[in-house]
Amino acid sequence: MDGVIFVIFGASGDLAVRKLIPAIFELHKAEYLPKNFAVLGVSRSDYSDEAFRSKVFFANEFIEHQDKENRDEEMEKEFARRLSYIPIQTSEPDDYAKVKTELTKLDKEFNIGGNYIYYLSTPPFLYETIPACLAAHGLNEENDGWKRLVIEKPFGYDLETAIELNKNIRTHFGEDQIYRIDHYLGKETVQNLLVTRFANGIFEPLWNRNYIEHVQITNAENLTVGSRGGYYDKSGALRDMFQNHLMQIIAHIGMEPPIAADAAAIRDEKLKLLKSIRPIKEEDVPSQVIRGQYTPSTIDKERVNGYREEEGVPKDSRTETFVGLKFFIDNWRWAGVPFYVRSGKAMPTKVTEVVITFKDPPNALFRKEKQVYNDNNQLIIRIQPNEGLVLKFGMKVPGAGFEVKDVGMDFHYSDLTDVHVPAAYERLLLDVIKGDATLYARGDSVEEAWRFVEPILNAWKKNPEIRVHGYPAGTWGPMVVSKLIESDKVTWRNPCSNLTADDNYSEL
Ligand code: BG6
């Protein structure tokens, strides 16, 4: 494998400390990294190499969680030796001369061969500046080894800014050098959606409007926004979770079979699917999109702050911490099949799952008289936690008569392997080294996802009076969200939770 230097901009920040350095270390430990590698931290804070090593590695919380018995101190020291740091003013083009000098030095010392990954783990306002400054010093040129740019979300703030950002970055880096990270694509189970669908003959024939009644996606987090209020209030659930992570999951569920298992073919099909989603018209937003915000609550006897009480959140904020919506996909496969998606913070449990509900059998021989809808036949794809699949169907209860009972055939992903399953960031970083962009979002599909979200954002902006429904922290979101779905005689599937929370719903 090619040698590589990871250049992490924003190296003293939360993401680098909590995710990136641990991921690079785990890859090194599992011997996935090339022998010749180094990490160069870059940011404004003034650290020495030693202080940086201590902050991001020796004193990093993840080190405490290492398996004590199998620790290899020599290997850890060797890893730390490959970490170095330079402070620069990130928006000052001249300072990038220092980056260049440092890279040349490290390249020689660790025999890298000119391959660099620039990871932008910085506030988004630097996403245009850093590539331009790198280019000003020729650090984007691939004469002697490849140069790749990894960009964190948010990729743009709306459609216009996303198009602008794509355009600006592409003046310095080619599309094939740009890796827009969406950590959901690094999750094994999101990738497994493709394998489930396209490596089996049993699901795909049913995967269409003829057999599927509707599709539900639930993404719930039990955490509140906590200390991230300052960021979150400018974002909201639609931008923070839906435009990126959930639209990627939707693309994996809905796309047509790609002609090959490679980045271009898979990303072409995803783009096509995103283009087929019927936009929600601004005037339909109040009925088709429910926004909610969590209010104070008592969960298991403990008081939990409402969103407006969180640090950094204005007392009259109308930012949504929950979004629920219904949409259709206008193509041959999905015509007429409703998709329901909800995502929220401060919900009863942490879970992301996709529920495919199949149509009733044509003749309801054993259905009880009053039973209006049969949810016997569901495929539940658990993205996280307890990753796996459950296939639900009806079986006869032993004894007289024909009583039907739901049973579930369960598969747990953890049963499949006991080798190290790379965490999302590990997998994604490894792919950049290999130059495989399959699990990265291409510029056109990011824009397409914004195109879908845009009328919703516009409707909320133009009509701030559109309701923000309160839901007590620890509940499954605003009550009205059930109307979105119940009108079609089905209900949301709420995974188990033993929490007890308040039930004082309010309008905000
Ligand atoms: C991030 C969002 O992209 O994803 C966070 O900014 C959210 O608000 C997080 O909590 C969820 O990721 P995961 O992997 O914990 O589901």
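Visitor: Would you mind going over the site of the ligand in detail, with residue names and values included?
Guide: Near the ligand, the surroundings consist of Lys153, His183, Tyr184, Lys187, Glu221, Arg228, Asp240, Met241, His245, Lys345, Lys350 and Gln384. Between Asp240 and the ligand, the recorded distance is 2.6 Å, taken from a side-chain N or O atom to an oxygen atom. Burial of the ligand by the protein chains amounts to 80% of its free accessible area of 400 Å². Sorting elements by how many residues they give to the shell around the ligand places helix α10 (residues 237-254) first, with three residues. Per-class residue counts for the shell around the ligand are two nonpolar, three polar and seven charged.

Visitor: Describe the packing of aromatic side chains, naming the residues involved and giving the relevant values.
Guide: Each aromatic ring pair is summarised here by two numbers: the centre-to-centre distance and the angle between the ring planes. Scanning the model with the defined rule gives 24 aromatic pairs in all. Ring centres 6.4 Å apart and planes at 70 degrees place the aromatic pair Tyr294 and Tyr471 in the edge-to-face group. In this pair, Tyr294 sits in strand β8 (residues 289-295) while Tyr471 sits in strand β17 (residues 469-472), placing the two residues 177 residues apart along the sequence. Comparing Tyr294 with Tyr471, the two get one shared label, buried. Ring centres of Phe327 and Phe452 lie 5.6 Å apart, and the angle between their planes is 65 degrees; on these two criteria the pair is classed as edge-to-face. Here Phe452 lies in helix α14 (residues 443-462) and Phe327 lies in strand β11 (residues 322-327), a separation of 125 residues in the sequence. Accessibility assignment for this pair places Phe327 and Phe452 in one class, buried. Put simply, the rings of Phe25, Phe37, Phe57, Phe58, Phe62 and Phe79 touch in pairs and so form one group of aromatic residues. Sitting over the face of the ring of Tyr116, Lys147 holds its NZ or CZ atom 4.9 Å from the ring centroid.

Visitor: A description of a nonpolar patch on the surface should follow, citing residues and the corresponding values.
Guide: Side chains of Leu365, Phe366, Phe402 and Val404 sit close together on the surface and give an oily, nonpolar patch of about 430 Å² of accessible area. Along the polypeptide, Phe366 turns up in the loop between β13 (351-358) and β14 (378-384).

Visitor: Explain the sheet that holds strand β12 (residues 339-344) residue by residue, including any values.
Guide: With mixed pairing, nine strands are arranged side by side in an open sheet as β16-β15-β14-β13-β7-β12-β11-β8-β17. Looking at strand neighbours, the two that pair on one side only are β16 (404-412) and β17, the edges of this open sheet. Geometrically, the sheet is characterised by an average inter-axis angle of 20 degrees between neighbouring strands, direction not taken into account. Examined bridge by bridge, strand β15 (residues 388-396) and β16 share nine bridges and lie antiparallel to one another. Paired with Lys392 across the bridge in β16 is Gly408. The strands touched by helix α8 (residues 188-198) are β14 and β15; relative to β14, the strand with the most contacts, the crossing angle is about 145 degrees.

Visitor: An account of helix α4 (residues 73-81) is needed here, citing residue identities and associated values.
Guide: When α4 is considered as a whole, its buried residues turn out to be Met75, Glu76, Phe79 and Ala80. Buried residues along α4 cover an arc of 140 degrees about the axis, so they all sit on one side. Every exposed residue of α4 that faces more than 90 degrees away from the buried side is listed here: Glu73 and Glu74. Between the side-chain oxygen of the N-cap and the backbone nitrogen of Glu74 there are 3.2 Å, and the N-cap of α4 in question is Asp72.

Visitor: So what's going on with the pattern of salt bridges? Residues and values would help.
Guide: Tallied over the entire structure, the rule returns 30 salt bridges. Two residues, Glu76 and Arg71, come together in a salt bridge whose shortest N-O distance is 2.8 Å. When its relative accessible area of 34% is taken as the criterion, Arg71 is described as partly exposed. Via salt bridges that share partners, Glu78, Arg81, Arg82 and Glu109 belong to a single interconnected network.

Visitor: Can you explain the pairing of strand β1 (residues 4-9)? Please cite residues and give values.
Guide: Among the six residues in β1, six count as buried, and that is most of the element. Judged by which residues are buried, β1 turns out to be covered on both faces: Val4, Phe6 and Ile8 on one side and Ile5, Val7 and Phe9 on the other are all buried. For β1 and strand β2 (residues 37-43), the ladder comprises six bridges, and the chain directions are parallel. Note on β2: the bridge partner recorded for Phe9 is Val42. In this fold, the crossover linking β1 to β2 by way of helix α1 (residues 14-29) has right-handed handedness. Bridge count between β1 and strand β4 (residues 116-120): five bridges; the pairing is parallel.

Procedures and definitions
- Residues numbered from 1 in each chain as written.
- Predicted model: local features only at pLDDT ≥ 70, side-chain atom pairs only at ≥ 80, totals over all residues.
- Heavy atoms only, no water.
- Near = heavy atom within 4 Å.
- Polar contact = N/O pair within 3.5 Å; in protein donor to acceptor, adjacent residues only side chain to side chain.
- Areas by Shrake-Rupley, 256 points an atom, 1.4 Å probe, with all protein chains shown as cover.
- Helix = DSSP H or I, 4+ residues; strand = E, 2+ residues; numbered from the N terminus.
- Nonpolar A, V, L, I, M, F, W, Y, C, P; charged D, E, K, R; others polar.
- Phe/Tyr/Trp six-rings, centres within 6.5 Å; stacked < 30°, edge-to-face > 60°.
- Buried < 20%, exposed > 50% of the residue type's maximum accessible area, 1.4 Å probe, protein only.
- Lys NZ or Arg CZ within 6 Å of the ring centre and 35° of its normal.
- Patch = residues over 30% accessible without salt bridge, like charges linked within 9 Å, V, L, I, M, F, W, Y side chains within 5 Å.
- Salt bridge = Lys/Arg side-chain N within 4 Å of Asp/Glu carboxyl O.
- Pairing = 2+ DSSP bridges.
- Axes fitted to C-alpha atoms, helices over the stretch in contact; angles between N-to-C directions.
- Contact = heavy atoms within 4.5 Å.
- Arc of directions from axis to C-beta.
- Right-handed = clockwise from strand over helix to strand, strands pointing away.

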